[in-house]
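# Residue-level structure breakdown
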Amino acid sequence: HKDPEIKKEAVLLFGKVNTNRISLVEKYRSCLSMTGDPKIGRQYFQQLCATCHQFNGEGKASGANLSALSSPSPEDLLIAILDPNRAVEDKYLLYIATLKDQTAISGMISSESTHSIEWQLIDGSTRSVPREQIDQIANTGRSAMFEGLEGALDPQKMADVIAYLMQSY
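Model, not experiment: these values are computed from the prediction.

Attention now goes to the confidence of the model for the chain. Low pLDDT marks regions whose predicted coordinates should not be analysed in detail. Scored by pLDDT, the chain comes out at a mean of 90, with 91% of its residues at no less than 70. When the elements of the chain are averaged for pLDDT, helix 1 (residues 4-14) gives the smallest value, 65, and helix 5 (residues 155-166) the largest, 97.

What follows is the structure, given as structure tokens:
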């Protein structure tokens, strides 16, 4: 956020994000040689991923539909999970809008017209905002998928999630 006080409060609430994602991926690379349990991986998928991603008919389709991926490798999945900003499609970029009433919204832009912008918000809901209510829009250049899943997935749990996602390929 551009306001230093709000930025400071956000860091206090959410903590600092590990910005060195490449070394994190290297640290987790060991999970690629582990035997994962797809049943356990499904549970973690439901807890952590299904709020935004769809896979095998489960979850929400606000993020990428993981069933539609064309033969990803386990390494591709590891990188996508731990370093979501490395390769992000434009439709999944995070935007922040400051409205004229000084409130802010963040999410993906799902559609636009001459009169309004339809937002896919982080919580999975949608919101249509008339253009005349928007003061400013900023493209963060980052994925709407947040970094930090390593906080909930140690290497074995990551192996389980990858085993679950790979069972369809």
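A separate point is helix 2 (residues 21-28). Within helix 2 the residues assigned to the buried category are Arg 21, Leu 24, Val 25 and Tyr 28. Projection of helix 2 onto a plane perpendicular to its axis shows the buried side chains occupying an angular sector of 100°, all on one side. For helix 2, exposure combined with an orientation more than 90 degrees from the buried face picks out Ile 22 and Lys 27. Taken together, the buried residues of helix 2 touch helix 4 (74-82) and helix 5.

Attention now goes to the sheet that holds strand 4 (residues 104-112). With antiparallel pairing, 5 strands are arranged side by side in an open sheet as 6-5-4-3-7. Lying at the two open borders of the sheet, with one neighbouring strand each, are strand 6 (126-130) and strand 7 (134-143). The sheet shows a mean angle of 45° between the axes of neighbouring strands, taken without regard to direction. With 4 bridges joining them, strand 3 (residues 93-99) and strand 4 adopt antiparallel strand pairing.

Moving on to the packing of helix 3 (residues 38-49) against helix 5. Remark: helix 3 packs on helix 5, axes separated minimally by 7 Å, with the N-to-C direction vectors making an angle of 95°. Classed by the angle they form, the pair helix 3 and helix 5 counts as roughly perpendicular. Residues Pro 38, Ile 40, Gly 41, Arg 42, Tyr 44 and Phe 45 of helix 3 touch helix 5, and the partners they reach there are Lys 157, Asp 160, Val 161, Ala 163, Tyr 164 and Leu 165. Here the residues of the contact of helix 3 with helix 5 are counted per class, giving 8 nonpolar, 1 polar and 3 charged.

Definitions and cut-offs
Residue positions within a chain follow its written sequence, with the count starting from 1. Local features are withheld for residues below a pLDDT of 70 in this predicted model, meaning they are given only at 70 or higher, and side-chain atom pairs are given and counted only at 80 or more; totals for whole chains, interfaces and linings count all residues. Only hydrogens and water are set aside; all other atoms, that is, all heavy atoms of the structure, feed into the side-chain values. The quantity called pLDDT is the predictor's confidence in a given residue, expressed from 0 to 100. Strands here are runs of E lasting at least two residues and helices are runs of H or I lasting at least four, both read from the DSSP assignment and numbered beginning at the N terminus. Burial classes follow relative accessibility: with a 1.4 Å probe on protein chains only, a residue under 20% of its type's maximum area counts as buried, one over 50% as exposed, and anything between as partly exposed. Each direction from the helix axis to a C-beta atom contributes to the arc, which is the arc of those directions. Here, residues are in contact when the closest pair of their heavy atoms is within 4.5 Å. Two strands qualify as a pair provided DSSP detects at least 2 bridges between them. Axis geometry follows a simple rule: fit a line to the C-alpha atoms, using only the stretch in contact for helices, then measure angles between N-to-C directions, giving values from 0 to 180 degrees. Throughout, the term roughly parallel applies to angles under 35 degrees, roughly antiparallel to angles over 145, roughly perpendicular to angles from 65 to 115, and oblique to all others. Note on residue categories: nonpolar means Ala, Val, Leu, Ile, Met, Phe, Trp, Tyr, Cys or Pro, charged means Asp, Glu, Lys or Arg, and polar means any other residue, Gly included.

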